[in-house]
Amino acid sequence: MSLVEIHEVGARDGLQNEAVVVNADAKLELLRRLAAVGLRSIEVTSFVSPKWIPQLADADEVARRFERHPGVRYSALVPNAAGYERFCRAKLDVAAFFVSASEAHNQKNVNRGIEAHLDAFRPVAERAKADGVTLRCYVSTVCGCPYQGAVPVGDVLRVVRRLLELGADEISLGDTIGIGVPRQVRELLRAVSGEVPLERIALHAHDTYGRALANVESAFEVGLRRFDSSLGGLGGCPYAPGASGNLASEDVVDLFERSGVDTGVDLDALVETAAWAERELTGRALPGRVYRARLAAREREA
Ligand code: HMG
Ligand code: MG
C-alpha cells in the first residue's frame, strides 16, 4: 500500500483541454499504459454534454471498450441524471460530480447556479448511494475564480457541507486556475478538515503559476495523502482558450519518491508514457518539468 494516492486525470482533465481530438483507440492505449505504470486511481472520461466537451464525445465507446486492470479504481465525471445513466452502462467504480465554490464559474461551466446544480444532482446522488457507487465530488475555484477573483473560505465550506449532505465519499479541492499559494492551501485544508477527515480529501492542483508542487508539499505536511495530476501535464494547452496548466504526474511522483514517500508508480515508466503521449496523442511538447528535464539529460548523453 502506497503512502500517497495519485489520482490520474490526464485522460479526462488533460484531453478535455487539448486542442487536438484524440481518437478512441489512442485513448484506450493511454488508459492501458497508465494502469501499467502503477497508477491505481484513474479518471477515464467524462459523461458530460458532447456539445460542451467535444474532445470526450466518445466517452461511451471508450468506457465500454477499455481494458480494466485489476486493483485500479476507475472514475468518470457525472454532471447530472443523463450522465449517471451513461456511467451505469459503463460500469465504472467512481462517479465524480463537480461544482464550483464561485457562482460565476459554476454558471459558465454547467449553465446554472450552484444551488440549482446541487439540487438537480440530489436524486442522482441518492441513486448512486443506493447502487453502492463511490461518489467523488470536485469543488472547483477553491483558491480563486477566473471571473470573480477571490473566493472566501466560507464559500468553499458551504459547498463542501452541501456535498457531504448529498453523500460525498471524497472531496477533491480544485485550484482550477492554479492561483493558490502554500499558506492559503494549508488554511483551506485546516478549515475543510473540520468538516470531513483529511483521508477523504484530495488536492487537485493546477500549475498555471508554477506553484502546484509547493502547494502539494504544504498539503502533505498538513496530512493530506491524495493528489490529482495529469500525465506530462496534459491539458492546459497554451493555444487553447481556458488553458489550465494541469500539474504533471511525473512531477508529483518525483517529488514524493525523492522525499522517501512511496507512490506505487514507476517513474521511469511514467516518463516513457509521457514521451509516448507527446508523440502519439498531442503532437505538442508536453510541459511536465521532470519529463522535460529527463528528455534534455538523455539528449546530452546521446
Ligand atoms: P445544458 O445545455 O444546460 O443542458 O448543459 P440541458 O440539460 O439543457 O441539456 C442540453 C442538451 O444536452 C440536451 O440535448 C441534453 O440531452 C444533453 P439536446 O436536447 O439539445 O439534444 N445533455 C447531455 N448529453 C450527454 N450527457 C449528459 C447530458 N446532459 C445533458 N450528461 C450540462 C448542462 C451540465 C450538461 C453542460 O453544461 C455540460 O456538460 N457541462 C460540462 C462542462 C465540463 O465538462 N467542464 C469541464 C469539467 S469540470 C473541470 O474540469 C474542473 C475539475 O477538473 C476540477 C478543477 O480543476 O477545478 C473537475
Ligand atoms: Mg481540473
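Here, every reference points to the structure presented above.
Criteria and cut-off values
- Residues numbered from 1 in each chain as written.
- Chains lettered and ligands numbered in written order.
- Predicted model: local features only at pLDDT ≥ 70, side-chain atom pairs only at ≥ 80, totals over all residues.
- Heavy atoms only, no water.
- Helix = DSSP H or I, 4+ residues; strand = E, 2+ residues; numbered from the N terminus.
- Rg over C-alpha atoms; globule rule 2.2 N^0.38 Å.
- Buried < 20%, exposed > 50% of the residue type's maximum accessible area, 1.4 Å probe, protein only.
- Contact = heavy atoms within 4.5 Å.
- Areas by Shrake-Rupley, 256 points an atom, 1.4 Å probe, with all protein chains shown as cover.
- Lys, Arg positive; Asp, Glu negative; His and termini not counted.
- Charge placed at Lys NZ, Arg CZ, Asp CG, Glu CD.
- Arc of directions from axis to C-beta.
- Core = buried A, V, L, I, M, F, W, Y, C linked by side-chain atoms within 4.5 Å.
- Phe/Tyr/Trp six-rings, centres within 6.5 Å; stacked < 30°, edge-to-face > 60°.
- Axes fitted to C-alpha atoms, helices over the stretch in contact; angles between N-to-C directions.
- Parallel < 35°, antiparallel > 145°, perpendicular 65-115°, else oblique.
- Nonpolar A, V, L, I, M, F, W, Y, C, P; charged D, E, K, R; others polar.

### Brief notes about the overall build of the protein
When its secondary structure is counted, the protein shows 12 helices and eight strands. Here the protein has a C-alpha radius of gyration of 18 Å; the compact-globule value for 302 residues is 19 Å, and the two agree. Projecting the C-alpha coordinates of the protein onto the three principal axes gives extents of approximately 60 × 40 × 40 Å. In the protein, which comprises 302 residues, the share counted as buried stands at 56%. Residue pairs in contact within the protein that sit at least 24 positions apart in sequence constitute 73% of those at least 6 positions apart. Accessible surface, the protein as shown: approximately 12600 Å² in total, 50% of it carbon and sulfur. Of the side-chain charges in the protein, 37 are positive and 42 negative, and the distance between the mean point of each set is 3 Å.

### Here we look at helix α5 (residues 103–110)
Side chains of residues three or four places apart in an α-helix project in the same direction, reflecting 3.6 residues per turn. Every buried residue of α5 is listed here: His-105, Asn-106 and Val-110. On an axial view of α5, the arc spanned by its buried residues comes to 100 degrees, and they lie on one face. Buried residues along α5 sit in contact with β4 (94–100), α6 (114–130) and β5 (134–140). Of the residues one or two after α5, Asn-111 is the one with positive phi, at around 65 degrees.

### Comments concerning the nonpolar core
Counting residues in hydrophobic clusters, the biggest one holds 91 residues, and the most contacted among them are Leu-163 and Leu-173. Among the elements that make up this core, the one with the highest residue count is helix α11 (residues 267–282) (eight residues). With sequence-adjacent residues up to four places away left out, Leu-163 is seen in contact with Phe-97, Val-99, Leu-118, Cys-137, Val-139, Ala-168 and Ile-171. Of all hydrophobic cores here, the second largest spans seven residues; its members include Val-9, Val-48, Leu-77 and Ala-96.

### Topic: the environment of Ala-116
In this structure, Ala-116 sits in helix α6. Given a relative accessible area of 41%, Ala-116 falls into the partly exposed group.

### A word on the packing of aromatic side chains
Scanning the model with the defined rule gives five aromatic pairs in all. Where Tyr-84 meets Phe-87, the ring centres are 5.7 Å apart and the plane angle is 20 degrees; that geometry is what we call stacked. In this pair, Tyr-84 and Phe-87 are both assigned in helix α4 (residues 81–90), three residues apart and thus about one turn of the helix distant. The buried category is assigned to Tyr-84, whose relative accessible area is 1%. On the accessibility criterion, Phe-87 (1% relative accessible area) is buried. Judged by centre distance (5.3 Å) and plane angle (55 degrees), the rings of Phe-220 and Phe-256 are tilted. Here Phe-220 is found in helix α9 (residues 212–222), whereas its partner Phe-256 is found in helix α10 (residues 249–258), with 36 residues between them in sequence. Judged by its relative accessible area of 16%, Phe-220 falls in the buried class.

### Some details on the packing of helix α2 (residues 24–36) against α11
Here α2 crosses α11 at 175 degrees, and the two axes come no closer than 11 Å. One element, α2, and the other, α11, form an angle in the roughly antiparallel class. Note on element contacts: α11 touches α2 through Thr-273, Trp-276 and Leu-281, opposite Ala-26, Glu-29, Leu-30 and Arg-33. Tallied by class, the residues present in the contact of α2 with α11 amount to four nonpolar, one polar and two charged.

In short, geometric facts, not functional conclusions.
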